[in-house]
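Residues per chain, in single letters:
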Amino acid sequence: MKSYSTKDIRNVVLLGNTRAGKTTLAEAMLYEGKVIDRRGSVEAKTTVSDNTEFEQTNQKSVYATPLYAEFMNTKINFVDAPGSDDFSGGAIAAFKVCENSVLVVNAQQGVEVGTEIFARYANQYGVPMIVAVNHLDAEKADWDMTLNSLKETFGGKIIPVQFPVNAGTGFDGFVDVLSMKYYKFKDENGTREELDIPAQYADQAEELRQALMEKAAEGDDALMEKFFDTLELSAEEIATGLAAGLKKGEAMPVFCVSAKKDIGVKKLMEFIINAGVSPVGTVQETVEGGQIECKPEGPVSLFIFKTSVEQHLGEVSYFKVMSGVLNEGADLTNPETGNGERLSAIYAVAGSKKEKVASISAGDIGCVMKLKAGKTDVTLAESGVDAITHMVFPDAKYRCAVKATDKNDEAKVGDALNKIAAQDPTINVEYSKELRQTILSGQGEQHINLVKWRINNEFKLNIELFAPKVPYRETITKVATARYRHKKQSGGAGQFGEVAILICPIVEGVEFTNKFKIDGKDTELKVKNRQEFELEWGGKLEYVNCVVGGAIDESFMPAILKGINDKMAEGPLTGSYARDIRVYVYDGKMHPVDSKEIAFILAARNAFKEAFRNAGPKIMEPIYNVDILTPSEYVGPCMSDLNGRRGMIMNQDMDGNFTVLHARVPLAELYRYSPVLSSLTGGSATFTMKFAEYQPVPADVQSKLLAEYAAQESDED
Ligand SMILES: Nc1nc2c(ncn2[C@@H]2O[C@H](COP(=O)(O)OP(=O)(O)O)[C@@H](O)[C@H]2O)c(=O)[nH]1
Ligand SMILES: [Mg+2]
């Protein structure tokens, strides 16, 4: 392959609903770009893009696959992204490296859920969208319906550049208004004739040309002036204005395509080259707050946006050269760790097809194998160059607990999960000491099921997924005292320790006091010292020594604190962490021979447990901020579902035809929320969730949790 300079590169991510035809369009572009000499199909499991077993079995893309085509002396790199929100991580990674997107829409369906979801992401990440209306050869293809649904969703940004001729099973061409030509196709391999527009389409073409000129004029002030003066723009001027509007996100030009029959694919590629945003001069922010400009004469810097493990190759890291020219054999450094890497061989990449190249210029995409630490979201650069800012992914929407089916596989399963998480930044695996569970989280149930499939099929291990425990907290609401004597005199050496404690809640804004009523008497405790601890699970413990007259020797005070800490870490109500408690040790007793540390630890544990139970104990639960984005017609069902989850709707906003519901929902009620929301809304809603705060659980929930814990608790001593 020849080496392409920065200005001759275009990077494009293919977006859209599942089954819109992205993978098939990618195949046609590879064919037009001479990367393959015959097209595969999704049905025959022979596309370049869907090259993994999971994708072929399920006939859908779940990984974002980098591909390229060489066309008109330009290298178009494109990333075929999956169409389901569960796998949005791939598209979001692609936004980091693509200056353009093609939004593929199925002409039988018009705008679908995935169209809107991914268009929203593209807007959010500031990537311009070209629209390809695909499936125009299908029996039920409906151009007008599709165009109307696009206009309804995206408004005046939608500007058709073409219209189809004979849409439906006889689809064989389109009128292109940019060139004012009729393209008629003779076969299913992209062979076309360029003809004058037939008389019957002349008016329609002229009408569209007027609209196109107006839209183009909006994109550029000089053009606007010229258009006002002469009411006419040349084809080049229209293209220039349209390109400017596209870049600013104000125009979404629409093209006619049949990916299956290779109709319209070349024109789309021409437009990407002529009007798409080139990487020249684009800027990446660095973690240090600086900038890296995309130019070949800059220092070498590349960013890894994807890693995967591939058959016969091992680990493959996909990157974009953000600056400079990368030559094979380059020695680069990860600026964040200082670790060096040698890139001995570098490749241009189209799915599983990889071609070794000698150099890759700024703006271009390639891959390298078997890096030591070349994980996703990592910069490798010449020394002295800063790391590029990290990719930002949505927070996890689906959590579950995971364990190896066979206990002996535990370590291997842990390894496998960590490998998967290192490749996919939207998968998170974490052992929770508190819950004593490994928690696996991702973007949805399908996403987690893919992890399970990979563990089964790629790692040949079995796992079980189940509901995660909820990280409850325990605290108290009033003052209580307890006295406990631990005494053991059977057999050899005896044990003796007695402590009397008072506990009260630590409440922000309420001052420390040493005056209490103990056993009905007003008492002023003599404070010898106070220690305050920030607990690692949040909240505080304060330990106040008020022992007088040597009732307990100073040397036993740490043992008493240990006993209390034990119960703080395993709360008396449900075994969850306790927080925000002040403990006063004000009395006790020793035995000249039998008093030892263990006796005071146990006495303190039991005294604390008893006092806690009399101090108006409360179970607290984590509450999450949940923002649901749903088509407004589903607001009713979403709200009543939230009510059933003890959710509170805080407020709501409108966003076009969508409503955003802002709710607060206990985490305990959010297990498997994503599939439920999906079935409530025909898959058209999406949501985010983020921890907000701890709140006491309602009385009925508390009773239920207490009963559950009591059933499994064994008495201590
Ligand atoms: N008739 C027709 N079928 C198509 C066209 N493009 C894709 N398909 C079929 O639609 C299905 C989904 O296509 P695919 O490329 O996997 O869609 P993706 O999910 O967007 O990647 C497959 O069965 C394709 O063969 C097209 O232009 N015309
Ligand atoms: Mg696909």
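Residues numbered from 1 in each chain as written. Chains lettered and ligands numbered in written order. Predicted model: local features only at pLDDT ≥ 70, side-chain atom pairs only at ≥ 80, totals over all residues. Heavy atoms only, no water.

What the largest pocket holds in volume is close to 970 Å³. When residues of the lining of the largest pocket are traced back to their parent elements, those giving at least two are α2 (53–58), α3 (88–97), β14 (301–310), α10 (410–423) and α11 (445–457). Considering only residue class, the lining of the largest pocket consists of 17 nonpolar, 17 polar and ten charged. Estimated volume of the second largest pocket: approximately 680 Å³. Sorting elements by how many residues they give to the lining of the second largest pocket places helix α16 (residues 699–712) first, with six residues. (1 Å grid on protein atoms, 1.4 Å probe; cavity = no way out; pocket = protein on both sides within 12 Å on 5 of 7 lines; lining within 4 Å. Points joined across faces, edges and corners; volume = space filled by probe spheres on them. Helix = DSSP H or I, 4+ residues; strand = E, 2+ residues; numbered from the N terminus. Nonpolar A, V, L, I, M, F, W, Y, C, P; charged D, E, K, R; others polar.)

Here the focus is the nonpolar core. Burial of nonpolar side chains together is a common tendency in soluble globular proteins. If you look at the biggest cluster of nonpolar residues, it comprises 130 residues, and the most contacted ones within it are Phe 78, Val 102, Leu 150 and Leu 326. Among the elements that make up this core, the one with the highest residue count is helix α9 (residues 265–275) (seven residues). Look past the residues within four positions of Leu 326 in its chain and what remains in contact with it is Val 300, Leu 302, Phe 319, Val 321, Leu 332, Leu 343, Ile 346, Ala 358, Ser 359 and Ile 360. Counting residues in hydrophobic clusters, the runner-up holds 41 residues, among them Val 470, Ile 501, Leu 541 and Ala 607. (Core = buried A, V, L, I, M, F, W, Y, C linked by side-chain atoms within 4.5 Å. Buried < 20%, exposed > 50% of the residue type's maximum accessible area, 1.4 Å probe, protein only. Contact = heavy atoms within 4.5 Å.)

This part takes up the site of ligand 1. What surrounds ligand 1 is a group of 16 residues, the closest being Arg 19, Lys 22, Thr 24, Glu 43 and Asp 137. In this structure, an oxygen atom belonging to ligand 1 sits 2.8 Å away from a side-chain N or O atom of Thr 23. Separating an oxygen atom of ligand 1 from a side-chain N or O atom of Lys 260 is a distance of 2.9 Å. The element that contributes the greatest number of residues to the shell around ligand 1 is helix α1 (residues 22–32), accounting for three residues. Split by residue class, the shell around ligand 1 holds three nonpolar, eight polar and five charged. (Near = heavy atom within 4 Å. Polar contact = N/O pair within 3.5 Å; in protein donor to acceptor, adjacent residues only side chain to side chain.)

So, on to the domain arrangement of the chain. It is common to report an interface's size as the accessible area lost on association of the parts. Split by domain assignment, the chain resolves into domain 1 (6–212 + 245–275), domain 2 (284–381), domain 3 (398–466), domain 4 (474–616) and domain 5 (619–702). A separation of 70 Å is found between the C-alpha centroids of domain 1 and domain 4. (Domains from an automatic or database assignment.)

What follows covers the coordination of the magnesium ion (ligand 2). For the magnesium ion (ligand 2), the full set of protein donor atoms is Thr 23 (OG1) and Ser 61 (OG), at a range of 2.0 to 2.1 Å. Of the two residues, Thr 23 is situated in helix α1 and Ser 61 in the loop between α2 and β2 (65–71); the sequence distance between them amounts to 38 residues. Here Thr 23 and Ser 61 have matching classes, each one buried. (Donors = N, O, S within 2.8 Å, 3.2 Å for Na, K, Ca; no water.)

Counting through the fold element by element, Glu 285 comes out in strand β12 (residues 283–285). For the pair Glu 285 and Asp 386, spaced 101 residues apart in the sequence, the C-alpha separation amounts to 9.4 Å. Those residues in contact with Glu 285, other than ones at most four positions away along the chain, are Gly 290, Gln 291, Ile 388 and Thr 389. A polar side-chain atom of Glu 285 sits 3.3 Å from a polar atom in the side chain of Gln 291.

This part is about the pairing of strand β30 (residues 495–505). Burial within β30 is extensive, with eleven of its eleven residues counted as buried. Residues Gln 495, Gly 497, Val 499, Ile 501, Ile 503 and Pro 505 line one face of β30 and the alternating positions Phe 496, Glu 498, Ala 500, Leu 502 and Cys 504 line the opposite face, and both faces are buried. Sheet topology note: the strand β29 (residues 480–488)/β30 ladder contains nine bridges and is antiparallel. Bridging across to β30, Thr 481 finds its partner in Leu 502. (Pairing = 2+ DSSP bridges.)

We now examine α9. Burial runs high along α9: ten of the eleven residues are buried. Buried within α9 are the following residues: Val 265, Lys 266, Lys 267, Leu 268, Met 269, Glu 270, Phe 271, Ile 272, Ile 273 and Ala 275.

Among the eleven residues of α1, nine are classified as buried, and the element is accordingly described as predominantly covered. Lys 22, Thr 23, Leu 25, Ala 26, Glu 27, Ala 28, Met 29, Leu 30 and Glu 32 are the residues of α1 that are buried. Where α1 is buried, its residues touch β1 (9–16), β2, β3 (74–80), β4 (100–106), α9 and β19 (346–350). Positive phi appears at Lys 34, one or two residues downstream of α1, with a value of about 60 degrees.

Another point: unusual backbone geometry. The phi angle at Lys 370 is positive, at roughly 50 degrees, despite the residue not being glycine. Take Lys 370: it is sitting in the loop between β22 (365–369) and β23 (378–381). You will see that Arg 436, though not glycine, has its phi angle at about 55 degrees, which is positive. Tracing the backbone shows Arg 436 in the loop between β25 (428–432) and β26 (437–442).

Here we have four strands laid out as an open sheet, ordered β7-β8-β9-β10, and antiparallel in their pairing. Across the chains shown, the open sheet's two edge strands, defined by having one partner strand only, are β7 (162–165) and β10 (192–195). Neighbour to neighbour, the strand axes of the sheet diverge by 20 degrees on average, direction disregarded. Pairing between strand β9 (residues 181–185) and β10: four bridges, direction antiparallel. (Axes fitted to C-alpha atoms, helices over the stretch in contact; angles between N-to-C directions.)

Turning our eyes to something else, we now look at the sheet that holds strand β6 (residues 158–160). By way of backbone hydrogen bonds, the strands of a sheet pair with one another, either parallel or antiparallel. Spatial ordering of the open sheet is given by β2-β3-β1-β4-β5-β11-β6, a layout of seven strands whose pairing is mixed. Each edge of the sheet is formed by a strand with only one pairing partner; in this case those strands are β2 and β6. Sheet twist, expressed as the mean angle between neighbouring strand axes with direction ignored, is 30 degrees. With three bridges joining them, strand β5 (residues 129–134) and strand β11 (residues 252–256) adopt parallel strand pairing. Along β11, the bridge assignment pairs Val 131 with Val 254. The strands that α1 touches are β1, β2, β3 and β4; relative to β2, the one it contacts most, it runs at about 35 degrees.

What follows covers empty space enclosed by the protein. Applying the stated rule across the entire model yields one cavity of 30 Å³ or more. The computed volume of the largest cavity comes to approximately 30 Å³. In this structure, the largest cavity is lined by Thr 282, Val 283, Gln 284, Ile 292, Cys 294, Lys 320 and Met 322. Taken together, the residues of the lining of the largest cavity break down into four nonpolar, two polar and one charged.

Packing of helix α6 (residues 202–218) against helix α8 (residues 235–247) leaves a shortest axis separation of 7 Å and a crossing angle of 55 degrees. It follows that α6 is oblique to α8 by the angle criterion. For the pair α6 and α8, the crossing hand works out as left-handed. Residues Leu 212, Met 213, Lys 215 and Ala 216 of α6 form the contact with α8, whose participating residues are Glu 237, Ile 238, Gly 241 and Leu 242. When grouped by side-chain class, the residues that make up the contact of α6 with α8 number five nonpolar, one polar and two charged. (Parallel < 35°, antiparallel > 145°, perpendicular 65-115°, else oblique. Left-handed = near helix turned anticlockwise from the far one by under 90°.)

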